[in-house]
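# Topology and contacts: notes
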Amino acid sequence: MEQSIWLALLSTGVVAGTPILFAALGEILTERAGILNLGVEGMMLVGAVTGFMVTMSTHNQWMGLLMAIVAGGLMALIHAFLSITLRANQVVSGLALTIFGTGLSGFLGKDLIGVPLTDTFKPIPIAGLSEIPWIGDILFKHDALVYISYGLIFILWFFLYRTKTGLELRAVGENPAAADAAGINVFAIRYACVIAGGMLAGAAGAYLSLAYAPSWLENMTAGRGWIAVALVIFGTWNPLRAFLGSFFFGTIDVMGFTMQTIGIQIPSFFLKMLPYIFTIAVLIVVTRETKTRRVASPEALSIPYNREER
Amino acid sequence: MVEMINITKRFPGILANDRVSFSVKAGEIHALLGENGAGKSTLMSILTGLYRPDEGEIRIQGNPVDLQSPRDAVAHGIGMVHQHFKLVKPFTVAENIILGLKGIKEVYNLKSIDESVAQLSREYGLHIQPDSPIWQLSVGEQQRAEIVKILFRGAEILILDEPTAVLTPQEAKDLYKTLRKMADLGKAIIVISHKLSEVLAHTDAITVLRGGRSVGTVRTKETSEMELTRMMVGRPVMLETVKNPVNRSSKVLELHNLSALGNRGQFALKEINLDIYGGEIVGIAGVAGNGQRELAEVVAGLRAIERGQKKVDGNDLTLASPKQMIQAGVSYVPEDRLGTGLVPNLNAMENYLLKGVQKMPSGFINWKQVAQETAEVIKKYDIKVPNPKNPVKMLSGGNLQKLLLGREISGKPRLIVTMYPMRGLDVGAMETIRSLLLQERDRGAAVLLISEELEELFALSDRLAVLHGGEVMGVVDPHKTTFEDVGLMMAGKRMAAHG
Amino acid sequence: MGNGSFSRWHFEKRETTSNLVLVMVPVLSVVIGLIFTGLFIALTGKDPLEVYLLMFDGAFGSAYGISETIVKSIPLLICALGLSIAFRMQLWNIGAEGQLYMGAFGATWAALTFPDWPAYQLLPAMMVAGFLAGGLWGLLPAIPRAYFKVNETITTLLMNYIAILWVDYLVVGPWKDPKSFNFPISPQFTEGAILPTLGTSRIHMGLVFGVVVALLLYIVLNYTRWGFEIRVSGESPAAARYAGMNYVKNILLVMFISGGLAGLAGMTEVSAITQRLQHGISPGYGYSAIIIAWLARLHPAAIVLVSVIFGGMLVGGYSIQTSGFSSTTVSMLQGAILFFVVGGEIFVNYRLVRGEKGGK
């Protein structure tokens, strides 16, 4: 009995961590190229509402996901233009994106609040793998998007650390002047990474509205976009460590329910605070750590690049 | 091999290059000589495709070319080693070399690249470990990595911007040996420099730029230091600094067995013992990155002292804050003038107030008085400030330094710490700064002068301490020492103190 | 730029920036923001102009509208003034929303603990408690920022959620009004806890606080040593340390004051408007204040003006809800305006030039 509760906790932890994971992977890509995008929350919300709307009208959740990805990419394009071409302050531009995205998603989703959705992503246990004790229950009894996120972790890791384009991308984030002198198109790479990051944030939002919830609520991300940004630091800009982080935060997120089922009496408000408190605590610990070890943030992060002004 | 014909390049408000012509043959080491701001860097940025000329033509092996981007320049066999290396610090040497290189597979094999890098570096006698990350390398090694990087791209024309600025005299000699070897293998080599002696000793031809124009090209064998100076500056220059005999008073600064950490947590200063007296200039020689910045910061109170003791005028100030150091009469002219010494977006008045504000007794600022004092300093040191209400980032390097030094000496300090005070200045501003430092010395202040220019240190210092690896290799009398001895100390050889 | 496809148009550094540019960038940002948002409104089949007119009429078209606009602009003004100090030091405090809630909590504590005090005692007590609570909430993330460089943007933002959950807990838990029939509200404040208002309108004394704070801020920033230190620290932390200023202490102090002012805004809201603590006391004042501070280029007098415009936007937002728009339309509009402000910032230091430099 006890054991099944813990299994359920860890298993739902994976699911709850998935939207954070998608968003964090996108932000890793963005920050690796030297751009800080604090608009994750806004991009996720727009992705969530777009995915929901499109799925409602097409009855195809994959179409919904696709359009959420497109919407996230378009939102990120605004940030890319502001921060790369107009060299705007990236903190403020990202904030603007979050505020705008919150407003836009509320505007678009006004009539969708509480509407039930039938075409959602449903769990598909993987034959064989799901029978492995413990691991099968925790990792392999989920919906298709969870499996896609597993694949993405490795693809992104391989891309960043084992391919020529990945090397160029990291060079752009560390030292754009050096990359530029080496003939790498800093602007193109930055644009591509910011947009790809937004697409993943859009997918993260769609996961909330099409698989996790599945429904639309104003502000349904509830700070998950910000947690994803914190997770990038926690994961030291490495996709593999981001997975551990998202799993950890996902588990904390759902722990409230588990504690209630096993009869611990804590007001639900405090349980809801847990992910935020943990994120802040972890952020402090990790930031202190990164100062002593040599895993600092990409050196050019959030500094606009201007060729004629070095 | 390369010809640049009538190149003109304008920036807002400046004519950086004015119909400059310049050509280099294969097998030749050609120096581009000129003061700071003469247009050398702009000209080379045009040749490397970073800027595009407004007028003029570039020919490579006789054919006109249009260099639209650095990529184009590389394709035409042009490679440049910038003064500030264009290396990605967390990457290895080999990773830096393949960055942006054509013909590398998307999923590359780093091992085989390491091998070909090692082979190429052996060919030219450039010792380098392909798999070490850049941040672990010394400055000299990083420079070799840069040279291998451009050779790997098949460069036939190599441009080096002030390549010896960061090297010891011995390392500089080795570098020129390597360059000669490359020239003998048929490469064309361009060295940008402002050091006369070095250019005279190691190059084949010299083109002098002044105020954005080319003054002329001479064969090195057929010219002299006097002639080159006249070409560079446009008038004969007093090369010797006239100095009053030293008149030492009491000990102002005492550093006793002092150790401090660098930014990466390693010991950047180890057991430093150094005293400076009032009325003398003590020079600090050394290759950049051997503890100079840490030393200056420790004295200014900006860096914590791990072990040992610091005293000013006999008072123990080991634990003093920057504010307390200022109050003790310690002035500091930092390396980073615009950003640390001065605030770029504030105006001259506000920058003048930067340190004085601590002395405002009431906590309120009397702007009228500040304006008056600023105007006095501007007038006294002949600082060209078109509008005192404009941000100081609009000022030229020389005027910035005069404003900074003018502010620092306005309170009649006991000790002045200056880091690279003449770097990047034109000859006129340099002369002003020199005479100001000597005036302060004659007034009785102690001066700690950190520099990478040996000529400057020998001319100004009364005593000269050499830093290597965060340790003092010795304190010598510059009148009784040679460049070579100091060079050996900069490379880590200890000398008995005399002086 | 000189980079392939961008080479025909490029930015060229300005020698000097005229005041006209400094004013035009924010003004045009608002106009273009309106047009941009109008496109989305048009997508729903409504006439954007009509919607905007409706908003304007709601906010400024009647005495009631104007008084409501001013009422809404009070918390915006006080929060934005607080944020402007932090932003000047490049401290990205985006936690004004949470700091406002904590201020409301502090003020409510005073009001519920000393219900019998007369106004001249209780109101100052509530102000102090609100300022302290908001200030401490701002100070908390400032400590790791000052000592370990922990990103304050993320921490201040996440602390908003915690503060809001804390207030929600109080009004359904320990401070729940026994007579509230399960509504999430605290008991109503006693008379001494309520700020005086102007005549019969809802405009309250908070307006005076806001204007006084703006005035004080202007004097402090321009004529005092501490204000000068804040400006230097914001422009260049290295120069601040070099000049003997205590950078760490200033971070803590600035974040405390920034949070404290947001807390004061929370106090005015519970004291004058809701007259009790309840769920959802702020419709995002703390977030709008970020945009106001930025749009006003952190200038105290401009913040007063922009706050009134944004107060009007909020009131206008309510009046278009009746024609089927979400209240979040206003935050979409505000976000869009902020896009154009940050994007337009480049025109302060550069101008757009065609051709010339790009090629021959």
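Residues numbered from 1 in each chain as written. Chains lettered and ligands numbered in written order. Predicted model: local features only at pLDDT ≥ 70, side-chain atom pairs only at ≥ 80, totals over all residues. Heavy atoms only, no water.

## Overview of the interface of chain B and chain C
When the parts of a complex come together, some accessible area is lost, and that lost area is often taken as the interface size. The line we're drawing: Contacts are residue-level and defined by heavy atoms, with any inter-residue pair within 4.5 Å sufficient. The term buried area denotes the loss of accessible surface (1.4 Å probe radius) that occurs when two parts are joined, taken as the sum for both partners. Basic side-chain nitrogens of Lys or Arg form a salt bridge, by our definition, when they fall within 4 Å of a carboxyl oxygen of Asp or Glu. Contacts described as polar in this section are N or O atom pairs within 3.5 Å, which, within protein, must combine one atom able to donate a hydrogen with one able to accept it, while residues neighboring in sequence count only if both atoms come from side chains. Runs of E in the DSSP output that reach at least two residues are strands. Runs of H or I that reach at least four are helices, and both are numbered from the N terminus.
Counting residues at the interface gives 35 residues for chain B, matched by 28 residues for chain C. For the pair chain B and chain C, the summed buried area comes to about 2,800 Å², and 57% of that belongs to carbon and sulfur atoms. Among the residues chain B hides against chain C, the three largest losses belong to Pro12(B), Leu302(B) and Gln358(B). Together they make up 17% of the total. Run the count over chain B and chain C and you get one salt bridge. A salt bridge links Arg231(C) to Glu350(B); the shortest N-O distance between them is 2.3 Å. The interface formed by chain B and chain C includes eleven residue pairs in polar contact (both at pLDDT 80 or more). Counting residues per element, the ones that place at least two in the side of chain B that touches chain C are helix 10 (322-327), helix 11 (348-356) and helix 13 (397-410) of chain B.

## A few points about the sheet that holds strand 2 (residues 14-24) of chain B
Residues and elements named next belong to chain B. Note the threshold: Criterion used throughout: strands pair if DSSP finds at least two bridges between them. The axes are straight lines fitted to the C-alpha atoms, using for helices just the contacting stretch, and the angles between their N-to-C directions are given from 0 to 180°.
Spatial strand order, 2-1-4-5: four strands in an open sheet with antiparallel pairing. On the outer flanks of this sheet lie strand 2 and strand 5 (63-65), each paired with one strand and no other. Sheet twist, expressed as the mean angle between neighbouring strand axes with direction ignored, is 30°. Bridge count for strand 1 (residues 2-11) against strand 2 is seven bridges, and the pairing is antiparallel. Directly across from Arg10, in strand 2, lies its bridge partner Leu15. On top of the sheet, helix 1 (residues 40-47) reaches strand 1, strand 2 and strand 4 (55-60); it is set at about 115° to strand 1, its chief contact.

## Topic: the interface of chain A and chain C
Under the convention used in this document: For this scheme, ten residues count as nonpolar: Ala, Val, Leu, Ile, Met, Phe, Trp, Tyr, Cys and Pro. Four count as charged, namely Asp, Glu, Lys and Arg, and the remainder, Gly too, count as polar.
Across the contact, 51 residues belong to chain A and 51 residues belong to chain C. In this assembly, chain A packs against chain C so that about 4,600 Å² is buried in total across both faces, 79% of it on carbon and sulfur atoms. In this structure, the connection of chain A to chain C is made through zero salt bridges. For the pair chain A and chain C, the number of links is six residue pairs in polar contact (both at pLDDT 80 or more). For the side of chain A that touches chain C, the elements supplying multiple residues, two or more each, are helix 3 (61-85), helix 4 (90-108), helix 10 (224-234) and helix 12 (268-292) of chain A. Here the side of chain A that touches chain C is composed, by residue class, of 30 nonpolar, eleven polar and ten charged.

## Here's the deal with the pairing of strand 20 (residues 471-476) of chain B
Residues and elements named next belong to chain B. So the rule is basically this: Categorising residues by exposure relies on relative accessible area from a 1.4 Å probe, with only protein chains included: less than 20% of the type maximum marks a residue as buried, more than 50% marks it as exposed, and the intermediate range marks it as partly exposed.
Most of strand 20 sits out of view: five of its six residues are buried. Pairing between strand 19 (residues 463-468) and strand 20: five bridges, direction antiparallel. Opposite His468, over in strand 20, you have Glu471 as the bridge partner. The turn linking strand 19 back onto strand 20 is made up of two residues, and Gly469 within it adopts a positive phi angle of 55°.

## A word on the sheet that holds strand 11 (residues 251-261) of chain B
Residue and element names in this part refer to chain B. If you trace the four strands from one edge of the open sheet to the other, you get 12-11-14-15, paired in antiparallel fashion. With partners counted over all chains shown, the strands left at the sheet margins are strand 12 (267-277) and strand 15 (315-316), one partner each. Relative to strand 12, strand 11 runs antiparallel, the two being bridged by seven bridges. When the bridges of strand 12 are listed, Leu255 appears paired with Leu274.

## What to know about the UniProt feature "transmembrane region" (unreviewed entry) in chain A
Residues and elements named next belong to chain A. Applicable threshold: UniProt positions are given in the numbering used here, feature names are shortened, and annotations may be inferred rather than shown by experiment.
According to UniProt, the positions carrying the feature "transmembrane region" (unreviewed entry) are residues 6-26, 38-56, 62-84, 91-109, 144-161, 191-213, 225-249 and 269-287. End C-alpha to end C-alpha, residues 6-26 measures 30 Å, and it is 100% helix and 0% strand. Structurally, residues 62-84 is divided into 100% helix and 0% strand, and its ends, taken at the C-alpha atoms, are 32 Å apart.

## What to know about the packing of aromatic side chains
Going by this rule: Any two rings among Phe, Tyr and Trp, with Trp reduced to its six-membered ring, count as a pair given centres within 6.5 Å; such a pair is stacked if its planes are under 30 degrees apart, edge-to-face if over 60, and tilted if neither. Definition used: whenever NZ (Lys) or CZ (Arg) falls within 6 Å of the ring centre and also within 35 degrees of the ring normal, the charge is taken to sit over that ring.
On inspection of all chains with the given rule, the structure shows 33 aromatic pairs over all chains. With 5.7 Å between their ring centres and 70° between their planes, Phe36(C) and Phe40(C) make a pair best called edge-to-face. Pair noted here: Phe36(C) and Phe40(C) are both in helix 1 (residues 19-43), with a separation of four residues, about one helical turn. One aromatic cluster is present, built from ring pairs that chain together Phe269(A), Phe270(A), Phe105(C), Trp166(C), Tyr169(C) and Trp175(C). Its guanidinium or amino end placed over the ring of Phe234(A), Arg241(A) lies 5.7 Å from that ring's centre, counting from NZ or CZ. The positively charged end of Arg423(B) is found above the aromatic ring belonging to Tyr420(B), 4.1 Å away from the centroid.

## Regarding helix 4 (residues 110-123) of chain B
Residue and element names in this part refer to chain B. Put simply, the test is: Take the number of residues in a helix, subtract one, and multiply by 1.5 Å to get its expected span. The arc in question is the one traced by the directions running from the helix axis out to the C-beta atoms.
Along its 14 residues, helix 4 runs 20 Å from first to last C-alpha, staying within 8% of the 20 Å computed at 1.5 Å per residue. Taken together, the buried positions of helix 4 are occupied by Ile113, Asp114, Val117, Ala118, Leu120 and Ser121. Each buried residue of helix 4 sits inside an arc of 165° when the element is viewed along its axis, so together they form one side. Structural note: helix 4 exposes Lys111, Glu115 and Arg122 on the side pointing more than 90 degrees away from its buried face. Residues of helix 4 that are buried make contact with helix 3 (93-98) and helix 5 (139-152). Its side-chain oxygen at 3.0 Å from the backbone nitrogen of Lys111, Asn109 defines the N-terminal cap of helix 4. Residue Gly125 follows helix 4 closely and has a positive phi angle near 70°.

## Observations concerning the side chain of Thr98(A)
Residue and element names in this part refer to chain A. By secondary structure assignment, the location of Thr98 is in helix 4. Take Thr98: its relative accessible area is 9%, and that puts it in the buried class. Discounting residues that sit within four places of it in the chain, Thr98 has contacts with Leu38, Gly39, Val40, Glu41, Gly42 and Trp226.

## Things to note about the pattern of salt bridges
Residues and elements named next belong to chain B. Per the stated rule, a full pass over the model turns up 37 salt bridges over all chains. A salt bridge links Glu55 to Arg10, with the nearest nitrogen and oxygen atoms 3.1 Å apart. Of this pair, Glu55 sits in strand 4 while Arg10 sits in strand 1; the two residues are 45 residues apart in sequence, bridging distant segments of the chain. Given the relative accessible area of 39%, Glu55 is considered partly exposed. Residue Arg10 is classed as partly exposed on the basis of its relative accessible area of 41%. A salt bridge links Arg494 to Glu471, with the shortest nitrogen-to-oxygen separation between them at 2.6 Å. Of the two residues, Arg494 is situated in the segment after helix 16 (483-490) and Glu471 in strand 20; the sequence distance between them amounts to 23 residues. Residue classification places Glu471 among the partly exposed residues on the basis of a relative accessible area of 27%. The structure contains a network of salt bridges with shared partners spanning Lys243, Arg441, Asp442 and Asp462.

## Observations concerning the nonpolar core
Looking at soluble globular proteins, one finds that nonpolar side chains tend to be buried together. Cut-off, in case you're wondering: Note on terminology: a nonpolar core comprises buried Ala, Val, Leu, Ile, Met, Phe, Trp, Tyr and Cys residues joined through side-chain atoms within 4.5 Å.
Counting 240 residues, the largest nonpolar core has Ile147(B), Leu158(B), Leu179(B), Ile189(B), Met126(C) and Leu277(C) as the members making the most contacts within it. Here Leu179(B) is in contact with Ile29(B), Leu160(B), Ile189(B) and Val191(B), once residues within four sequence places are set aside.

## Section: the pairing of strand 7 (residues 157-161) of chain B
Residues and elements named next belong to chain B. Rule in force here: Handedness is read with the strands pointing away from the viewer; a crossover is right-handed when the path from the first strand over the helix to the second is clockwise.
Taken across its five residues, strand 7 has five buried, putting it largely inside the fold. Taking every second residue as pointing to the same face, both faces of strand 7 are buried, with Ile157, Ile159 and Asp161 on one and Leu158 and Leu160 on the other. In the sheet, strand 6 (residues 78-81) pairs with strand 7 via four bridges, with the strands oriented parallel. Across the sheet, residue Gly79 finds its bridge partner in strand 7, namely Leu158. In this region the chain leaves strand 7, passes through helix 6 (residues 169-184) and returns to the parallel neighbour strand 8 (residues 188-193); the handedness of that crossover is right-handed.

## Considerations on the environment of Val54(A)
Residues and elements named next belong to chain A. Position of Val54 among the secondary structure elements: in helix 2 (residues 40-58). Classification of Val54 by relative accessible area gives buried; the value is 16%. Val54 sits 14 residues away from Ala68 along the chain, and the two C-alpha atoms are 8.4 Å apart. If sequence neighbours within four positions are ignored, Val54 has contacts with His59, Met63, Gly64 and Met67.

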